[in-house]
Amino acid sequence: MTPLAAHLVRRIAAQGPIRLSDYMAECLLHPAHGYYTRAEPFGAGGDFITAPEISQMFGELLGLWLAQCWLDQGAPGRFVLAEPGPGRGTLMADVLRATRRVPGFHAAARVVLVEASPRLRAVQAARLAPWPVEWADTVQALPEGPLFLLANEFFDALPVRQFTRAGRGWAETLVTVQGGALALARGAPRGEPALAHRLADTREGDVVELCPAAPPIMAEIAGRIAAAGGAALVVDYGGWHSLGDTVQAMRRHAPAGLLDTPGEADLTAHVDFEPLAQAATAAGARAHGPVAQGALLERLGIGLRTARLTEGLTTAQAAGHIAAMRRLTHPDEMGTLFKALAVLPAQAPPAAGFAS
Ligand code: SAH
């Protein structure tokens, strides 16, 4: 049993079953035993690989997308360049390198990372040195001003509540203790005001998920963009209009049991882009997409960038870049499961890669 499992068994035995979202929150961010606070999850030696860790092209193309939005909006002289959930800092490092030659962009940028894990903050500081990076605890704590923001695989790390349709009510997925071990259970069916609109399109036994933290975060980002200008690009895996159980545990690049090794496996859920787009619109900004990651990267020129990076290389040397391009764009890999949602001021010109 992991230390966190022992802690949770004691807590649940004393206080009763907890929501799946509380279990996820403990597993990911428990101060001593949480997955992100404790371990180095990224890369070949870790548990999963994210797009910026696959290839520098991802951050380069998204960085230039952001810089183009900045130029389209008149190149504001001071702006916040923000990233929630920056992991190892690789995406921001690639963004900063690719935008070096965009006149005025670096001089105007104040780089602020939103990171919950003190350990990862240190990794990010080392990766981005000597850039004077700042950190904020939440997006609400970001400095004022035009906001240009990228978020890759951030929203999938936010805990979800999960419900199974039971008659006109919903039975919530809970984590309980059985025979001294963690076990899944279902709460008694209840009416859920937040799911009232899902009674029309679900049937008995259907599972839907809610990510309570996500819409307020998007509302904050979009409200700032509507008021002061800016752009946000949210890239993640998921879909539109949540349906089905999407909570998964990953350990050493393989699926793991959800309850098997709390604190030692990454836990994520598919992102439902619908409530994110709704929150952005309600906050006065405009949401564009989502478009498939593969289509977006192709429209932003990943083919040309691959050709450029492989110029003069031997076939063997070029193979890594070509494999990375395939992995990021092919429908059998990350190309269609991953999607990008753009948020812009309502009156801003359409952004590259998003049909208007
Ligand atoms: N964007 C990175 C890392 C994704 S992993 C990449 O693409 O490689 C998720 C990141 O979000 C980690 O840095 C984790 O510590 C951070 N994180 C998770 N929950 C968070 C929260 N509630 N607030 C701030 N950061 C959080």
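Preceding this section is the structure that the text describes.
Residues numbered from 1 in each chain as written. Predicted model: local features only at pLDDT ≥ 70, side-chain atom pairs only at ≥ 80, totals over all residues. Heavy atoms only, no water.

1. Some words on helix α13 (residues 315-329)
Here is step 1 of the chain: If you check α13, its first and last C-alpha atoms are 20 Å apart, about what 15 residues at 1.5 Å a residue would give, namely 21 Å.
Here is step 2 of the chain: Residues of α13 that are buried include every one of Ala-318, Ala-324, Leu-328 and Thr-329, and no others.
Here is step 3 of the chain: Where α13 is buried, its residues meet α4 (51-54), α5 (56-72), α11 (293-299) and α12 (302-310). (Helix = DSSP H or I, 4+ residues; strand = E, 2+ residues; numbered from the N terminus. Expected span 1.5 Å × (residues − 1). Buried < 20%, exposed > 50% of the residue type's maximum accessible area, 1.4 Å probe, protein only. Contact = heavy atoms within 4.5 Å.)

2. Describing the site of the ligand
Here is step 1 of the chain: With respect to spatial proximity, 17 residues lie near the ligand, and among them Thr-50, Gly-85, Gly-87, Glu-115 and Asn-152 are the closest.
Here is step 2 of the chain: Gly-87 places a main-chain nitrogen or oxygen 3.0 Å from an oxygen atom of the ligand.
Here is step 3 of the chain: Within the backbone of Asn-152, an N or O atom sits 2.7 Å from a nitrogen atom of the ligand.
Here is step 4 of the chain: Compared with its free state, where it exposes 570 Å², the ligand has 93% of that area covered by protein. (Near = heavy atom within 4 Å. Polar contact = N/O pair within 3.5 Å; in protein donor to acceptor, adjacent residues only side chain to side chain. Areas by Shrake-Rupley, 256 points an atom, 1.4 Å probe, with all protein chains shown as cover.)

3. Some details on helix α9 (residues 214-228)
Here is step 1 of the chain: Given a rise of 1.5 Å per residue, 15 residues ought to cover 21 Å, and the 21 Å separating the end C-alpha atoms of α9 matches this to within 8%.
Here is step 2 of the chain: By the burial criterion, the buried members of α9 are Ala-214, Ile-217, Met-218, Ile-221, Ala-222, Arg-224 and Ile-225. When α9 is viewed along its axis, its buried side chains cluster within an angular range of 155° and face the same direction.
Here is step 3 of the chain: The inward-facing, buried residues of α9 contact β5 (147-152), β10 (230-239), α10 (273-282), β15 (285-292) and β16 (338-345).
Here is step 4 of the chain: The first or second residue beyond α9 is Gly-229, which carries a positive phi of 90°. (Arc of directions from axis to C-beta.)

4. Focus on the environment of Leu-8
Here is step 1 of the chain: Relative to the helices and strands, Leu-8 resides in helix α1 (residues 3-15).
Here is step 2 of the chain: Here the alpha-carbon distance between Leu-8 and Asp-260, two residues 252 residues apart in the chain, equals 12 Å.
Here is step 3 of the chain: If near-sequence neighbours (up to four positions away) are discounted, Leu-8 is found in contact with Ile-18, Tyr-23, Glu-26, Leu-182 and Pro-262.

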